[in-house]
Amino acid sequence: MKKFILILVSVSLFSVQESFAWGGWAHKLIAVIAESHLTPEAKAATEKYLGSPIYNHASWMDRVPVWTKNRIPGWEQTSWWHMTTVDKVGKKKYALSDKRASSGDGDLVPNLVQCVENLKNYRNLTDSAVMVNLKCVVHMVADMHCPCHIFYTEFEDCFPRKINGKRYRRHDQMYIYYNGKKTTNHKVWDGMSIKEIWPEYGSDYKKFHAALDKLSPKKQAKMCKGTIEEWVLQNAKDCRYIYDDITPGCKIDRQYLLDNQKLSKQQCLRASYRLAYILNECLK
């Protein structure tokens, strides 16, 4: 644990020196909704260590690959923490997998659990360590709920591979066409799936927040029951069907996303409420 915290401190010191426009519209929306469900204690703590609301830091982890060229020690392992990997163990049941890409990608769960444990002990950590653990939790909770952030080992192309010198993309990165434009399944689900429900809202987070955040406190609490591992396996079960619907080269449009908006809304709200729940529990 001490080694882990030291690694995160080294990353935070670098991040303070650089100023990036983080981007990540869907990540920010999830954090905006979560922010509104923080307790006064948790909100005060996050702003103390981050210096501003959590939504301003929602895409921090996505900048890690950019740091590769700078050879900043310790940060590189966090680039593996955006995906989960699951094995099929029944007709519609899944279990966390021990399989990992050669890079280590697909290792989100144990590292998210570790970051959460670190935050539970936040009063005994340095401010820098708390800051980076917070940023990691905010990002990883959102990532684990994205339909295309799950590696299913039942697919032959679970991880990228080379055959006769040609590189084949993994199943979440399959090429498809959206409204006639070539893209990937991953890009469609990573943010477009929510924005296309209400295109008239543009990028107005307040309007999306108002349209989505309508569950009763009782339903929100029910959604937050369970462990991180149980949440991941639930996501794997609920999101699996999109790989039967969408195959390489297929053509989809906005109507497909409207037909599947239940999944988009569900995963967005799960991420938002669970993120708030975790932070509220850790930062008492």
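A brief report on the enclosed structure follows.

Reading the values: the criteria
- Residues numbered from 1 in each chain as written.
- Predicted model: local features only at pLDDT ≥ 70, side-chain atom pairs only at ≥ 80, totals over all residues.
- Heavy atoms only, no water.
- Helix = DSSP H or I, 4+ residues; strand = E, 2+ residues; numbered from the N terminus.
- Axes fitted to C-alpha atoms, helices over the stretch in contact; angles between N-to-C directions.
- Parallel < 35°, antiparallel > 145°, perpendicular 65-115°, else oblique.
- Contact = heavy atoms within 4.5 Å.
- Nonpolar A, V, L, I, M, F, W, Y, C, P; charged D, E, K, R; others polar.
- Salt bridge = Lys/Arg side-chain N within 4 Å of Asp/Glu carboxyl O.
- Buried < 20%, exposed > 50% of the residue type's maximum accessible area, 1.4 Å probe, protein only.
- Core = buried A, V, L, I, M, F, W, Y, C linked by side-chain atoms within 4.5 Å.
- Expected span 1.5 Å × (residues − 1).

It is generally the case that most residues other than glycine have a negative phi and that most peptide bonds are trans. Even without glycine at this site, Asn179 takes up a positive phi of about 50 degrees. Checked against the element boundaries, Asn179 lands in the loop between strand 6 (175-178) and strand 7 (181-184).

The contact between helix 9 (residues 228-239) and helix 12 (residues 261-282) brings their axes to 12 Å, and the two run at 175 degrees. Between helix 9 and helix 12, the interaxial angle falls into the category roughly antiparallel. When helix 9 is examined against helix 12, the residues Trp231, Gln234, Asn235, Asp238 and Cys239 are found in contact with a partner set consisting of Leu263, Gln266, Gln267, Arg270, Arg274, Tyr277 and Ile278. Across the contact of helix 9 with helix 12, the residue classes tally to 5 nonpolar, 4 polar and 3 charged.

Take the pattern of salt bridges next. Inspection of the entire model under this criterion finds 8 salt bridges. In this structure, Arg170 engages Asp105 in a salt bridge whose closest nitrogen and oxygen atoms are separated by 3.8 Å. Taken as a pair, Arg170 in the loop between strand 5 (166-168) and strand 6 and Asp105 in the loop between strand 2 (94-96) and helix 4 (108-120) lie far apart in primary sequence, 65 residues in all. Classification of Asp105 as buried rests on a relative accessible area of 12%. Between Glu117 and Lys120 there is a salt bridge whose closest N-O contact spans 3.2 Å. Here Lys120 and Glu117 lie together in helix 4, a separation of 3 residues that amounts to about one turn. Several salt bridges share partner residues, and in doing so they unite Asp105, Arg170 and Asp172 into one network.

Let us look at the nonpolar core. By size, the foremost hydrophobic cluster in this structure holds 62 residues, and its most contacted members are Ile54, Leu112, Val137, Tyr152 and Leu279. If you tally residues by element for this core, the top one is helix 5 (residues 127-143), at 10 residues. Sequence-distant contacts of Tyr152, defined by excluding residues within four places in its chain, comprise Val86, Tyr94, Cys158, His171, Asn235, Ala236, Cys239, Arg240 and Tyr243. Residues Trp25, Ile30, Ala142 and Leu269 belong to the second largest nonpolar core, which totals 20 residues.

Mapped onto the elements of the fold, Asp107 is located in the loop between strand 2 and helix 4. On a C-alpha basis, the gap between Asp107 and His82 in space is 7.4 Å, while along the polypeptide they are 25 residues apart. In this structure, Asp107 is in contact with Trp80, Trp81, Met83 and Arg100, ignoring residues within four places of it in sequence.

So, on to helix 9. Along an α-helix, a turn takes 3.6 residues, which lines up residues three or four apart on a common side. Compared with the 16 Å implied by 1.5 Å per residue over 12 residues, the 16 Å span of helix 9 between its first and last C-alpha is a close match. Taken together, the buried positions of helix 9 are occupied by Ile228, Trp231, Val232, Leu233, Asn235, Ala236 and Cys239.

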